[in-house]
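Structure assessment
Next come the chains, spelled out residue by residue.
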Amino acid sequence: MCGICGVVRWDGVNETHIRRALAMRGLLEHRGPDDKGAEADERAALGATRLSIRGSEAGHQPLRNPATGVMASCNGEIDNHRDLRRWLESRGHEVASGSDMAILPYLYEEHGERFVEELEGPFALALWDPRSGLLLLARDRAGERPLFYVEKDDEVIFATELSALALDSGRGCCLDERALRHYLRFGRFPAPLSPVPAIRKLAPAEIVCFRGKLVERRPYWRWSMGTLPKREPSLEAFDRVFCEAVERQTDCDVPFGMFLSGGVDSSLVAAVARRIHPEKTLPAYTLRFGEASYDEGPGAASVARRLGLTNEIVWVRAEDFPPKIRELVRLTGEPLGDPAWVPTALLAQRAAKDVKVVLVGEGGDEVFGGYPTYVGARLATLYERLPSLLRRAFSGVVRRWPPTDRKVALSFLLKRFVEGSGIEPLARHLLWTSVIPPAVLERLGCQPSELDTDFDRASETATGLDSLQLHDLESYLAEGLLTKADRASMGWALEPRAPYLDRKVLDFAATLPASERVRGLGTKVFLKRYALRYLPRSVVHQRKRGLSVPLAAWLRGPLRAWAGERLESGRLRRCGVDTDSVLELLREHFEREADWGRALWSLLVLTEWLEWWETSSSESA
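Presented here is an overview of the structure given in this document. (Residues numbered from 1 in each chain as written. Predicted model: local features only at pLDDT ≥ 70, side-chain atom pairs only at ≥ 80, totals over all residues. Heavy atoms only, no water.)

Considering the pairing of strand 14 (residues 283-289)
Counting buried residues along strand 14, 7 of its 7 residues qualify, which places the element largely inside the surrounding structure. The alternating pattern of strand 14 places Pro283, Tyr285, Leu287 and Phe289 on one face and Ala284, Thr286 and Arg288 on the opposite face, and all of these are buried. By the bridge criterion, 2 bridges tie strand 13 (residues 256-259) to strand 14 in an arrangement that is parallel. Opposite methionine 258, over in strand 14, you have alanine 284 as the bridge partner. (Buried < 20%, exposed > 50% of the residue type's maximum accessible area, 1.4 Å probe, protein only. Helix = DSSP H or I, 4+ residues; strand = E, 2+ residues; numbered from the N terminus. Pairing = 2+ DSSP bridges.)

Given below as structure tokens:
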């Protein structure tokens, strides 16, 4: 895992551009404190910081092929590097370095731009070919690692994190209103958008090639959910696939551990890792909350004892949130509306004292069908068949149900369910997963985002449950949960690895019939059946909890004064948000007329980002 950056100018770089690349590299050192490097030629200056996971002393970046001058930098890991190295050697290449990244320039020599299609694992990379004047940027299939760039005139500047691009004084301080509307609704930014018009983000499984003023963007892969034929799954076949995925992702030269919540996804990863590494001391890191309905500590402790893991605990408190979200926004340069960003960062900060790699359960729900919304989609079909009078009566009762501070409350789920009545399935799914629903955005003076069809491609190749899972993998997971995991962990030089996003695991899951994913009120049907090989029924079939934060109660209590001060600042007006309407939401929340916890949190994070952006823009001007 690393941070990468660079400046490419087709009319030539000078000392000023090289200093800019070095300055960006300095802002990425938290991602890679073990080593740093720089390479330059007449038209390009590349920089990299390195977190040493594989290859130890041999992994210095940027890489350069002395015979061709091709340079490459990569943030991430190439899990199939051993197979690719053997193939390259059979083709006559001598790849001297033992690093997994060392294969990149040589693989490019063999395959050209298509070399990215051969790579497995989480990565974001940049390759410069001085012979043809090609700058190639690429991101891994699931979107585990980020990459941003600015293109202007005869120049491209790129970096792993948006904060490093704040050094570019030429872009001004305007905001992308279209992207911010999408953030307000969903709490994240869809590629290629960022909060700043000039800064673009690579999408998952995307290659962007620059040849002077000629730019070409194209996907090189898409999850085959909806296109592969379905078949009855084999537990034995999946066991081989999943064990190989965990083994590849624990093939490292440094200590590793795992984030353990006690739920089926993280517990299964931990159980398989223990089977593969019976001799290792494996630490598991768990979050605890004082609020009982949010606390997964006892369940995680039980799993840890069963598997022989050391269980390290991190307690999360309301007072952690104001300083930590401020720190995260300034470190990464992005707003992210997921309240779990803060506790995940606290967990990563603790784990980084012991290990450099953690296995995580991200992707299990999207890949194997684990969200309540998938059940809701099927129930909605039945609900629409009820007489309209009965539906109106039910809706009236649900809407009058008072809010509660409990986690994943039935009242919250039912209110979202009836709001989606009569809406097309994917639009209904988007409504259910909104942070701020369209009706509330209109109250705030904002035109609801119209990006749903522009940026959602799920309906092109899939229908029904397939389309919902494909959307969630490409949007909610890639731009939300994986963004959270990367920014939270890499702030403290900790690499998260997600076995559920291994390519072969994704391919296997795409062949599962719908009934093996969702059946009746049950979710992750096949995965839970498989998990019983490793875990007790009490763990596998427990009620789904997920990582949530007791924001509703905290915003009425210990965070009340902080929230009021931030939202009264008037900064949200820069995004077209009416401050008086925001304060009215706050009042309704305080007085328990509604639960606006998630909406208010996304607005609070945005105020923190706007303050940072104003400061960084004035300093770089």
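Next comes the rest of the description.
Focus: the packing of aromatic side chains
Scanning the entire structure with this criterion turns up 24 aromatic pairs. Where tyrosine 149 meets phenylalanine 210, the ring centres are 5.3 Å apart and the plane angle is 75 degrees; that geometry is what we call edge-to-face. Here tyrosine 149, found in strand 8 (residues 148-152), pairs with phenylalanine 210, found in strand 11 (residues 206-211); they are 61 residues apart in sequence, far enough to count as distant. Phenylalanine 210 sits in the buried class, given a relative accessible area of 0%. Taken together, a centroid distance of 5.4 Å and an interplanar angle of 15 degrees make the contact between tyrosine 183 and phenylalanine 189 stacked. The two residues tyrosine 183 and phenylalanine 189 agree in class, both being buried. The structure contains a cluster of three or more aromatic residues connected by ring pairs, namely Phe238, Phe242, Phe368, Tyr500, Phe508, Phe526, Tyr530 and Tyr534. A cation sits over an aromatic face here: arginine 560 above phenylalanine 590, 3.8 Å from the ring centre. (Phe/Tyr/Trp six-rings, centres within 6.5 Å; stacked < 30°, edge-to-face > 60°. Lys NZ or Arg CZ within 6 Å of the ring centre and 35° of its normal.)

Details of helix 4 (residues 177-186)
Most of helix 4 is tucked away: 7 of the 10 residues are buried. When helix 4 is considered as a whole, its buried residues turn out to be Ala179, Leu180, His182, Tyr183, Leu184, Arg185 and Phe186. N-capping of helix 4 is provided by aspartate 176, with a side-chain oxygen placed 3.2 Å from the backbone N of arginine 178. Once helix 4 ends, the next one or two residues include glycine 187, with phi positive near 80 degrees. (Polar contact = N/O pair within 3.5 Å; in protein donor to acceptor, adjacent residues only side chain to side chain.)

Comments concerning a nonpolar patch on the surface
There is a patch of nonpolar side chains on the surface, built from Leu379, Leu382 and Leu521 and spanning about 310 Å² of accessible area. Topologically, leucine 382 is positioned in helix 11 (residues 372-383). (Patch = residues over 30% accessible without salt bridge, like charges linked within 9 Å, V, L, I, M, F, W, Y side chains within 5 Å. Areas by Shrake-Rupley, 256 points an atom, 1.4 Å probe, with all protein chains shown as cover. Salt bridge = Lys/Arg side-chain N within 4 Å of Asp/Glu carboxyl O.)

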